[in-house]
Amino acid sequence: MLGRDTLRKIDQRVDSDEFLHLARNVADKANGLNDTQIRNLQNVVNSTTRFSEIMNYVKAQTGRHKEWEHLGPEIVKSLDKIDEYAGKIVGAEQDRGEVRLKLSRLWVKIVVAEFLYREIARN
Amino acid sequence: MNEISWELDDFIRKMAEDSVQVLSESHTDLEKLAKSQIRKFWDVLSVEQNSAVARQLAMHQQRKAQKEAEEYETEIQNQRSGRRADRDIEGKLANAKLRMSFWELAEKVVNDDQFLHKLNSDQNLGQRVGKGDLLALQTLFAETLYSEFSYLKALGRQG
């Protein structure tokens, strides 16, 4: 269970321009995907208890599908950054895994919103 | 172990990334390793759920690649002595040596005693791993290695 101070720091991070740009950069590169594919990414992030599962999913998709060619590396960059943010929030403490997953879930929520918004704007 | 802790999860991921790094230092065309080789390793662990079976496979594949490498080396020697040989024999030799290295690495992971010792002797891990936890971690390693290679090959295609 994350403490109030940790939750406050997570919120501050998610509210930052830097965090928003991470999500937007991914949404920019995701124009080759359809709704189902982006939702699949969101499902993986929301359902897993392991950060490596997200990484493995993204890297395997990059290896499998041409439309992930530029998207995959951008997502990996975002996830590395999220890992770094989690380290700054709680260091090497026990909560780090949980913080990292929480940040990832908030990040992918923005990615999906930005992606869908771009879809509407295109149509 | 019902759930893999984030520390172990990170440890296995780093181990897979480091393995790719080590292989790439000895083999310039690492992305030429067929994904099917790593998939074979991953599948035997996830389907058979038996590290002893995986170890048998790894040792067999290593011997097979070694035998091929020896045959190609003989072909190259024959080429040098003026007899005709396949033009891309050097590439085939490099690939056989790459497969040998990969299966050597795989064999170490599914050698339970060796892998357990590696996990429990790492000071950064800070937790004890039991024999009952090994298969899940070995399978995770194989899965992560497969993803890393898939990614490496995709990046290699980008040039």
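Residues numbered from 1 in each chain as written. Chains lettered and ligands numbered in written order. Predicted model: local features only at pLDDT ≥ 70, side-chain atom pairs only at ≥ 80, totals over all residues. Heavy atoms only, no water.

### Some words on the environment of Thr48(A)
Residue and element names in this part refer to chain A.
- You can see Thr48 is positioned in the loop between α3 (35–47) and α4 (51–64).
- According to the relative accessible area criterion, Thr48 is buried, its value standing at 2%.
- Aside from chain neighbours lying at most four places away, what touches Thr48 is Glu53, Ile54, Leu101 and Arg105.
- Within polar-contact distance, the side chain of Thr48 engages the backbone nitrogen of Arg50 at 3.0 Å.
- A polar contact of 2.8 Å, which involves the side chain of Thr48, links it to the side chain of Glu53. (Helix = DSSP H or I, 4+ residues; strand = E, 2+ residues; numbered from the N terminus. Buried < 20%, exposed > 50% of the residue type's maximum accessible area, 1.4 Å probe, protein only. Contact = heavy atoms within 4.5 Å. Polar contact = N/O pair within 3.5 Å; in protein donor to acceptor, adjacent residues only side chain to side chain.)

### Remarks on the interface of chain B and chain A
- On the side of chain A, 23 residues touch chain B, which itself brings 20 residues to the contact.
- For the pairing of chain B and chain A, the buried interface totals around 1700 Å² over both sides, and the portion due to carbon and sulfur atoms is 49%.
- Counting every contact that joins chain B to chain A gives 3 salt bridges.
- Of the charged contacts in the structure, one is a salt bridge between Asp10(B) and Arg100(A), with a shortest N-O distance of 3.0 Å.
- Inspection of the region where chain B meets chain A yields 7 residue pairs in polar contact (both at pLDDT 80 or more).
- Of all the secondary structure elements, the ones that give two or more residues to the side of chain B that touches chain A are α1 (6–26) and α6 (134–158) of chain B.
- Of the residues forming the side of chain B that touches chain A, the biggest block, 12 residues, is contributed by α6(B).
- Each residue belonging to the side of chain B that touches chain A can be placed in one class, and the counts come to 7 nonpolar, 4 polar and 9 charged. (Buried area = accessible area lost by both parts, 1.4 Å probe. Salt bridge = Lys/Arg side-chain N within 4 Å of Asp/Glu carboxyl O. Nonpolar A, V, L, I, M, F, W, Y, C, P; charged D, E, K, R; others polar.)

### Looking at the packing of aromatic side chains
- Tallied over the full model, the rule gives 6 aromatic pairs over all chains.
- On the numbers, 6.3 Å between centres and 40° between planes, the contact of Phe19(A) with Tyr85(A) is tilted. Of this pair, Phe19(A) sits in helix α2 (residues 17–29) while Tyr85(A) is found in helix α5 (residues 71–90), placing the two residues 66 residues apart along the sequence.
- Residue Tyr85(A) is classed as buried on the basis of its relative accessible area, which comes to 1%.
- Geometrically, the ring pair formed by Trp42(B) and Tyr146(B) is tilted, given 5.4 Å between the ring centres and 45° between the ring planes. Linking Trp42(B) in helix α2 (residues 35–48) with Tyr146(B) in helix α6, this pair joins segments that are 104 residues apart in sequence.
- Given a relative accessible area of 9%, Tyr146(B) falls into the buried group.
- The structure contains a cluster of three or more aromatic residues connected by ring pairs, namely Phe41(B), Phe102(B) and Trp103(B).
- When the ring centre of Tyr85(A) is taken as reference, the NZ or CZ atom of Arg13(A) above it lies at 3.9 Å.
- Here Arg39(B) stacks its cationic end above the ring of Tyr146(B), 5.3 Å away from the centre of that ring. (Phe/Tyr/Trp six-rings, centres within 6.5 Å; stacked < 30°, edge-to-face > 60°. Lys NZ or Arg CZ within 6 Å of the ring centre and 35° of its normal.)

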